[in-house]
Amino acid sequence: MATKSSNKDKASLLSPSKPRPVSSKNKLIAPSGAQLSPDKSEIRSAKKRVTVGDENDGKDSALAYKILSADQCRELLALGIDNMQIKLCDIFTLNNNLTDLKEASILDYYTGAVWWAKERSFTNQQLSGFFTIVHNLLENIKDKHMTMVENLKEFQKMMVGIGVEQSVVPSGGLEFFDINQAKMITEYVSSSLFQHYKLYEFMFSHTQAEEIIGTDVDIEVAMSADVPFPPPLDEGITTSMYEQFIATPPPSPTPEPKDEEVIEVDISSVLPEDVNIYSGLTPDDVKAVIESVAKDMLGGLKSDVYKKLQEKENQIIAKINKIHRVAET
């Protein structure tokens, strides 16, 4: 039996009328243009090499569990929206999300993506692969500063191979999704990231202005006791007894000064009518009285006039200096 099978194989190889079908990758071309089939051992080794290479490529290109592990995905899918946000904050160390705009936006972006995947009933593997997509796209804006076109090409590379059994182009590593899920992921990424692409670019390229806001708060504290411990409550007394017997009385008010009484005296009743009170004044006395009265009345007026003249002089000097500067230029 072995001899017959070998003879049949040799006949099939040498027969020109019945060529053996061989894939184009393994064809050998003779100098005259005739196609010859390779040896069986070469075909087996080639198939074996291709199979092993494909398996390794699949393992390296798979996007599941690149960012989130299986345990983290399982825990996130079991949490509510608030606890999910706290968990993502711990995973990515976004501790300043209450004051830092960038960390707050990243946390909101991640939380929305995980919650959307939970509403679509994604498995742990699908959640991890989907989160790898949204994480890589955001990192392309943050660290690599890619444009929208470049980031769309990266997204297209990751989505290649979904719903296709045999593809010439290398798969992106998301074969665990179907066509409908791929459409939903594309719509979500378009509405959540690419629709607001300019905002994300602006946020990651500009620094946030710091504003320190302080508030002064007055706090009333109890007065310290004279002894290490305050007196017991059983020794307390009423307010009326304290004010009557213990409290220090307020100081007595000081009396207000009384206005001096002005006594009006009629000179005509004191002096006789035939006496002239100005008869004893000399010209020097009259001059001194007039000078003192004029000094008292005109002293303030003189100082006011001097101030106004000084101001007017300063204004005129300023105008002259201005004219000189204009003339020099």
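Preceding this paragraph is the structure being described.
In this report, the structure presented in the accompanying data block is examined. All of these numbers come straight from a predicted model, not from anything done at the bench.

Re the overall build of the protein chain
Working step 1: The secondary structure content of the protein chain amounts to 12 helices and two strands.
Working step 2: Looking at the 329 residues of the protein chain, the share that counts as buried comes to 20%.
Working step 3: Taking the intrachain contacts of the protein chain between residues at least 6 apart in sequence as the baseline, contacts between residues at least 24 apart amount to 60%.
Working step 4: Carbon and sulfur atoms form 57% of the exposed surface of the protein chain, whose accessible area is close to 26,800 Å².

Details of the packing of aromatic side chains
Working step 1: Taken as a whole and judged by the stated rule, the model has 14 aromatic pairs.
Working step 2: Between the aromatic rings of Trp116 and Phe122, the centroid separation amounts to 5.8 Å while the plane-to-plane angle is 85°, which identifies the pairing as edge-to-face. Per residue, the accessibility class of Trp116 equals that of Phe122, and both read buried.
Working step 3: Considering the side-chain rings of Phe122 and Phe177, the 5.5 Å spacing of their centres and the 55° angle between planes classify their relative orientation as tilted. On the criterion of sequence distance, the pair formed by Phe122 in the loop between α5 (101-119) and α6 (124-142) and Phe177 in the loop between α7 (148-159) and α8 (179-192) is long-range, its members being 55 residues apart.
Working step 4: Taking the relative accessible area as the measure of exposure, Phe122 reaches 5% and is therefore buried.
Working step 5: One aromatic cluster is present, built from ring pairs that chain together Trp116, Phe122, Phe130, Phe176, Phe177 and Tyr188.

Brief notes about the pattern of salt bridges
Should the charged atoms of two oppositely charged side chains come close, the side chains can pair.
Working step 1: Tallied over the entire structure, the rule returns five salt bridges.
Working step 2: With a closest N to O distance of 3.3 Å, Glu75 and Lys87 form a salt bridge. Taken together, the residues span a long stretch of sequence, with Glu75 in helix α3 (residues 70-77) and Lys87 in helix α4 (residues 81-91) at a distance of 12 residues.
Working step 3: Classification of Glu75 as partly exposed rests on a relative accessible area of 36%.
Working step 4: On the accessibility criterion, Lys87 (22% relative accessible area) is partly exposed.
Working step 5: For Arg120, the salt bridge goes to Glu119, with nearest N and O atoms at 3.5 Å.

Re unusual backbone geometry
Working step 1: Residue Thr93 is not a glycine yet carries a positive backbone phi of 55°.
Working step 2: Here Thr93 is to be found in the loop between α4 and α5.
Working step 3: A positive phi is found at Ser121, a non-glycine position, where the angle reads about 60°.
Working step 4: Following the sequence through the fold, Ser121 ends up in the loop between α5 and α6.

Topic: the nonpolar core
Working step 1: By size, the foremost hydrophobic cluster in this structure holds 46 residues, and its most contacted members are Phe130, Leu174 and Ile185.
Working step 2: Taken together, the elements giving at least two residues each to this core come down to α3, α4, α5, α6, α7, α8 and α9 (197-205).
Working step 3: Once you skip the residues sitting within four places of it in the chain, Ile185 turns out to touch Trp116, Phe122, Phe130, Ile133, Phe155, Met159 and Phe177.

How each quantity is defined
- Residues numbered from 1 in each chain as written.
- Predicted model: local features only at pLDDT ≥ 70, side-chain atom pairs only at ≥ 80, totals over all residues.
- Heavy atoms only, no water.
- Helix = DSSP H or I, 4+ residues; strand = E, 2+ residues; numbered from the N terminus.
- Buried < 20%, exposed > 50% of the residue type's maximum accessible area, 1.4 Å probe, protein only.
- Contact = heavy atoms within 4.5 Å.
- Areas by Shrake-Rupley, 256 points an atom, 1.4 Å probe, with all protein chains shown as cover.
- Phe/Tyr/Trp six-rings, centres within 6.5 Å; stacked < 30°, edge-to-face > 60°.
- Salt bridge = Lys/Arg side-chain N within 4 Å of Asp/Glu carboxyl O.
- Core = buried A, V, L, I, M, F, W, Y, C linked by side-chain atoms within 4.5 Å.

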